Amino acid sequence: MSGTVRNAASDAGDHPVVRAGARVGYAASGVLHLLIGWLALQLAWGGGSGSADSSGALAQLGSTPVGAVLLWAVTAGFALLGLWQLTELIGPGEAKDKIKNLGKGVLYLVLAGTALRIAAGGSGSGGGEQTSSMTGTLMAQPFGRILVAVVGAVVIGVGIYHVVKGARTTFLRDLRENPGRWITRAGRLGYIAKGIALVLVGGLFVAAAVQSDPEEAQGLDGALRSLLELPLGSVLLTVVAFGIAFYGVYSFGRARYAKV
């Protein structure tokens, strides 16, 4: 039975539709990060009212007739990319790689669900409130504050991993060939900026655990807004916004050169 399951997963991962869909998913990630970067830039200089996170970006994408159609392609792309990541769990490989595949697979499927809800006419707002609500529920459990702190520490670790991956350009190992100087530079800046944003998100979770206040836990939008409270906050947020947009540019390159 295990061999049958393994073969079925391998066949699913190698199916042309899934492989092509995974590339569409990487392109969808490019669109998403470009929009988040734009929303963050507006936030830095007092313009716009959307949330600078995935929900806000997808909602903005769906707010125009052309974007509403594109949103369905984004939904399919994220769903197939998530499916491809999960098929990588079956078969040989190191445990750490399988954990990454699982995390990425769940993340892309969640993004697909969010995009589907917005494409079907649902709301894309309230990301920060949902995060606070889930944190409050978790904190109410036995050892809840410790669990929230652990979540924050894990997110900080993932953020540091992104920064190191960008600084050392080890993300090129994910590609079947060198994408060229400009895509490499975009990837380096993008990974570092995204890592910084994740460290901020994780820090807010840790702060929520320490202060026993679920409202302190925020998603990406809240983390980016926290930069505005720092000296030269608008400048710092502008730099991070451009970095996130560069990650979007890299994602388009990844759509072409990724090992799928």
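Up top you'll find the structure we're talking about.
Predicted, not measured: the structure shown is a model, and the values here were computed from it.

### Section: the overall build of the protein
Across its full length, the protein holds 10 helices and 0 strands. Across the 260 residues that make up the protein, the buried fraction comes to 40%. Across the protein, every contact between residues at least 6 apart in sequence was considered, and the portion connecting residues at least 24 apart equals 71%. By element, 66% of the accessible surface of the protein is carried by carbon and sulfur atoms, the whole surface being about 13100 Å².

### Here we look at the packing of aromatic side chains
A complete count under the given rule lists 6 aromatic pairs for this structure. The interplanar angle of 55° and the centroid separation of 6.1 Å between the aromatic rings of tyrosine 247 and tyrosine 250 together place this pair among those described as tilted. One end of the pair, tyrosine 247, and the other, tyrosine 250, are both in helix α10 (residues 233–257), 3 residues apart, so they sit about a helical turn from each other. Comparing tyrosine 247 with tyrosine 250 shows no difference in burial state: the two are buried. If you follow arginine 185 out to its NZ or CZ, it ends over the ring of tryptophan 182, 5.0 Å from the centre.

### Concerning the pattern of salt bridges
Under the definition given, this model contains 5 salt bridges. Across the pair lysine 165 and aspartate 174 runs a salt bridge, and its minimum N-O distance is 2.9 Å. Overall, lysine 165 belongs to the buried group, its relative accessible area being 8%. The class for aspartate 174 is partly exposed, based on a relative accessible area of 22%. The shortest N-O distance in the salt bridge between glutamate 177 and arginine 176 comes to 3.9 Å. A residue is classified by how much of its surface remains accessible, and arginine 176, at 46% relative accessible area, is partly exposed. Residues joined in a network through salt bridges with shared partners are Lys165, Asp174 and Arg254.

### Description of the nonpolar core
Counting 35 residues, the largest nonpolar core has Tyr26, Phe78 and Leu224 as its most contacted members. When contributions to this core are tallied by element, the ones reaching two or more residues are α2 (16–44), α3 (54–61), α4 (65–87), α5 (95–119), α9 (220–227) and α10. Per-element accounting of this core gives the leading share, 11 residues, to α2. Dropping the residues within four chain positions of it, phenylalanine 78 is found in contact with Gly25, Ala28, Ser29, Leu32, Tyr108, Leu109, Leu111 and Ala112. The next biggest cluster of nonpolar side chains, apart from the first, holds 10 residues, and it includes Met139, Leu204, Ala208 and Ala217.

Conventions used here
Residues numbered from 1 in each chain as written. Predicted model: local features only at pLDDT ≥ 70, side-chain atom pairs only at ≥ 80, totals over all residues. Heavy atoms only, no water. Helix = DSSP H or I, 4+ residues; strand = E, 2+ residues; numbered from the N terminus. Buried < 20%, exposed > 50% of the residue type's maximum accessible area, 1.4 Å probe, protein only. Contact = heavy atoms within 4.5 Å. Areas by Shrake-Rupley, 256 points an atom, 1.4 Å probe, with all protein chains shown as cover. Phe/Tyr/Trp six-rings, centres within 6.5 Å; stacked < 30°, edge-to-face > 60°. Lys NZ or Arg CZ within 6 Å of the ring centre and 35° of its normal. Salt bridge = Lys/Arg side-chain N within 4 Å of Asp/Glu carboxyl O. Core = buried A, V, L, I, M, F, W, Y, C linked by side-chain atoms within 4.5 Å.

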